[in-house]
Amino acid sequence: MPEVLEIDTTVYSVESVKEALYRFSDSFSSNLTHNDNLLRVEITLTNGNADWNKLRTEFDKELLDQSLRERIRAETEDIRRVILAHAFSNTSIID
Amino acid sequence: MSKFAALSEYAVGKDYLLLPFTFAKLKAKEYVVTNLVGESFLIDRDDLENLVLHKSATNSKVFSKARAHHLVYIEGEKSPLELLALKYRTRKRHLKNFTTLHMMVVSLRCDHSCQYCQVSRQSEDVERFDMSIDTANKSLEHIFRTPSTSLKIEFQGGEPLLNFDVIEHVVQEAENKAKELGKDVQFVIATTMTLLEDYMLDFCKEHDIKLSTSLDGPEDLHNSNRPRPGKDSYQRFRASLDKARDVLGKQNVSALMTTTNKSLDRVEEIIDEYVSLGFSEIFLRPLSPYGFAKKTKAYDSYQIDEWLQFYKKGLNYIIQLNKKGHKIKEIYTTIILRKMLTFDDPLYVDLMSPAGIGISAVIFNYDGAVYASDESRMLAEMGIEKFKIGNVNNQYEDIFASDALIEAIDESMTVSSPMCYECAYEPYCGSDPVFHYGMYGDLVGRKPQSAFCKKNMGIFEHIFEIRKNQETKNLIENWV
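Sequence order sets the numbering: in each chain, residues are counted from 1 along the sequence as written. To read the labels, note that chains go from A and ligands from 1, taken in the order they are written. Local features in a predicted model are, by the rule used here, given only for residues with pLDDT of at least 70; side-chain atom pairs are given and counted only at 80 or more, and totals for whole chains, interfaces and linings are based on all residues. Excluding hydrogens and water, the side-chain values take into account all heavy atoms of the structure.

Concerning the sheet that holds strand 1 (residues 3-8) of chain A
Residue and element names in this part refer to chain A.
- Two strands pair under a simple rule: DSSP has to find at least two bridges between them. The numbering of helices and of strands both runs from the N terminus, where a helix is a DSSP run of H or I of at least 4 residues and a strand a run of E of at least 2. Spatially, 1-3-2 is the arrangement adopted by the three strands of the open sheet, whose pairing is antiparallel. The open sheet has two edge strands, strand 1 and strand 2 (28-35), and neither has a second partner. Sheet twist, expressed as the average angle between the axes of neighbouring strands with direction ignored, equals 20 degrees.
- In this structure, strand 1 lies alongside strand 3 (residues 38-45), joined through six bridges in antiparallel fashion. Between the N-to-C directions of two axes lies an angle of 0 to 180 degrees, each axis being a line fitted to C-alpha atoms and, for a helix, fitted only over the stretch in contact.

As for empty space enclosed by the protein
All names here are of chain B.
- A pocket, in this scheme, is an open set of points on a 1 Å grid over the protein atoms alone with protein on both sides within 12 Å along at least 5 of 7 lines, while a cavity is a set where a 1.4 Å probe fits but cannot get out; residues line either one if an atom lies within 4 Å of a point. Grid points are joined across faces, edges and corners, and a volume is the space filled by probe spheres set on the points. A full pass over the atoms with the stated rule returns three cavities of 30 Å³ or more.
- If you add up the space inside the largest cavity, you get close to 140 Å³.
- Along the wall of the largest cavity there are 15 residues; nearest its centre are Cys420, Cys423, Cys429, Cys453 and Met457.
- All residues other than Ala, Val, Leu, Ile, Met, Phe, Trp, Tyr, Cys, Pro, Asp, Glu, Lys and Arg, Gly among them, are scored as polar; the first ten of these are nonpolar and the last four charged. Residue classes in the lining of the largest cavity are distributed as nine nonpolar, four polar and two charged.
- Lining of the second largest cavity is provided by Val349, Asp350, Ala355, Ile357, Ser373, Glu375, Asp432, Pro433 and Val434.
- The residue inventory of the lining of the second largest cavity, partitioned by class, reads five nonpolar, one polar and three charged.

Details of the sheet that holds strand 4 (residues 40-44) of chain B
All names here are of chain B.
- With antiparallel pairing, the three strands of this open sheet are ordered in space as 2-3-4. Every interior strand has two partners, whereas the edge strands, strand 2 (21-27) and strand 4, have only one. Each adjacent strand pair in this sheet contributes to an overall mean axis angle of 30 degrees, direction not counted.
- As judged from the five bridges shared by strand 3 (residues 30-35) and strand 4, these two strands associate in the antiparallel manner. Among the inter-strand pairings, Tyr31 is bridged to a residue of strand 4, identified as Ile43.

Details of the pattern of salt bridges
Residue and element names in this part refer to chain B.
- A carboxyl oxygen of Asp or Glu within 4 Å of a side-chain nitrogen of Lys or Arg is what we treat as a salt bridge. A full pass over the atoms with the stated rule returns 41 salt bridges over all chains.
- Across the salt bridge formed by Lys87 and Glu39, the nearest N and O atoms sit 2.9 Å from each other. Here Lys87, found in helix 3 (residues 79-91), pairs with Glu39, found in the loop between strand 3 and strand 4; they are 48 residues apart in sequence, far enough to count as distant.
- Residue Glu269 pairs with Arg266 through a salt bridge whose shortest N-O separation is 2.9 Å.
- Each residue is placed in one exposure class: buried if its accessible area under a 1.4 Å probe, protein chains only, is under 20% of its type's maximum, exposed if it is over 50%, and partly exposed if it falls in between. For Glu269, a relative accessible area of 36% translates into the label partly exposed.
- Owing to a relative accessible area of 16%, Arg266 belongs among the buried residues under this scheme.

Points about helix 8 (residues 198-206) of chain B
Residues and elements named next belong to chain B.
- For helix 8, the complete set of buried residues consists of Met200, Leu201, Phe203 and Cys204. Along helix 8, the residues classed as buried sweep out an arc of 160 degrees about the axis, all on the same side. Among the exposed residues of helix 8, those oriented more than 90 degrees off its buried face are Lys205 and Glu206.
- Contact criterion: two residues are considered in contact whenever any of their non-hydrogen atoms come within 4.5 Å of each other. Packing partners of the buried residues in helix 8 comprise helix 7 (164-181), strand 8 (184-190), strand 9 (209-214) and helix 10 (233-248). The arc in question is the one traced by the directions running from the helix axis out to the C-beta atoms.

Thoughts on the interface of chain A and chain B
- Every contact between the two is made by 29 residues of chain A and, on the other side, 36 residues of chain B.
- We define buried area as the total accessible area lost by two parts upon association, computed with a 1.4 Å probe and summed across both. Across the chain A to chain B interface the summed buried area is about 2900 Å²; carbon plus sulfur atoms make up 63%.
- Between the two partners, chain A and chain B, sit four salt bridges.
- As a salt-bridge pair, Lys25 of chain B and Glu58 of chain A come within 3.2 Å of each other at their nearest N and O atoms.
- The term polar contact refers here to a pair of N or O atoms within 3.5 Å; inside protein, the definition further demands a hydrogen-donor-capable atom paired with an acceptor-capable atom, and it admits residues adjacent in sequence only when both atoms are side-chain atoms. Here chain A and chain B share 13 residue pairs in polar contact (both at pLDDT 80 or more) between them.
- At 19 residues, helix 2 (residues 52-88) of chain A tops the list of elements feeding residues into the side of chain A that touches chain B.

Some details on the pairing of strand 8 of chain B
Residue and element names in this part refer to chain B.
- Extensive coverage of strand 8 is indicated by the burial of five of its seven residues.
- Sheet analysis places strand 7 (residues 150-156) next to strand 8, joined by six bridges and oriented parallel. Among the inter-strand pairings, Ile153 is bridged to a residue of strand 8, identified as Phe187.
- Crossover handedness is defined here as right-handed if the route from the first strand over the helix to the second strand goes clockwise, with the strands pointing away from the viewer. The handedness of the strand 7 to strand 8 crossover, carried by helix 7, is right-handed.
- Sheet analysis places strand 8 next to strand 9, joined by four bridges and oriented parallel. Bridged to Phe187 within strand 9 is Ile209.
- With helix 8 bridging strand 8 and its parallel neighbour strand 9, the resulting β-α-β unit is right-handed.

Here it is in structure tokens:
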């Protein structure tokens, strides 16, 4: 039987959840369904002997980190482009 | 006019803006944060969250540190952006120089039959496995097309000394060309030194050629790893080492080691061997998963976690030796520290983004094939010719703008690879498309399962961890 997580997408974006799931892809595979504000994640452990409760705790922490990362990306995307454009202006690396 | 701006000019009480940065958990609530160019510090998880959510007090120590490390800036400030751009450009300035390291496989023949060796052949068939003068000349034509003003030619094998005539020819031709074009050229021969003769050393001395040799540890381990007729690899190495040092100078003879499963519980003995022979550097290297190493299951004989333990134990031992006054440094740690602490890229192909394959280093094989890296030709020995980027008979432009190379480089950008782009260690790392293709059949690979990722993240974390001790920090940072 797969483990099931239900995540409120007004709290965590689907992208953040996917990023977190990717990081755990050596421990479990997942299947996502999304209805309204509810993301249902069916999880199948790669190793049947793995401690799901422990993994779940780590996954929850990773979700928090991913939402912080998402926030940094959203806030800094434009400035990153400005910095990189400035970095390579007047060089022969790019025309 | 006051010498100092009014207090209102400083950040106190103002809101701030974020600059691009990434973070990774070191342990529990302790995190590593790195800015766009790899400058870093350790931060508590709560402080990190407050910083991102704009809740940090602008007169707090954490905020000052974040501001000094270009994680945040105050609206209207231009210098953090200009400095970041300047540092980023400095970090990537090597791209302009294009290929600097050119490897030439002058012979695939070898007197050794190491289980883990990727490419060598125990054959007398000179015609078949040695590079011809014609191929060497054509390789040189390509080598001197690089825009780089300083280049290095490394002779590889098999055992390159088995085709010393071609080495002599290449060195003399390259010196003439370098003089004509105003370029600087350096030479290295990667050799076990078991077949080293006096006339070869005299030639090396005359042309300022360095030797990069192999030493796997104490006599029994070295001989067991490196079988040859007479079972005397170590004895021959020792005799040649003394002679080579006498003629070329100690600093011009370096050694590399390879970790086999027999090495795993002997790291201290291996390091002791290097110290007792007067080496000031050791490169703790795992087996590469290519060619014969994989075919003979040598690569599968230990897991990367076991190698990481070997590395950590070895590094700790090296640090303790240094504290006792022995000057020896670990090379991989030094490469990474240089990436962490400076903007001067050591050009280590595996740890570059975009990957250094082809554009920092390239290999001309004995048969005229051109590969994107040493590992690429090893992969070709397994029948995977994905990274064969051409042949010496092709035009330079066709080789270096080949689809095979462009695709691999394109896929190697860590800033756009899954998980890498949000990793705190991204500025220090690479994506190594050759490794991932060889192991997982995909240029990018799934990072959570990647042995490359596991190895390097394990090392990055360990380096941050041990630098918490001030004495250790001072000691290892001094290696850079």
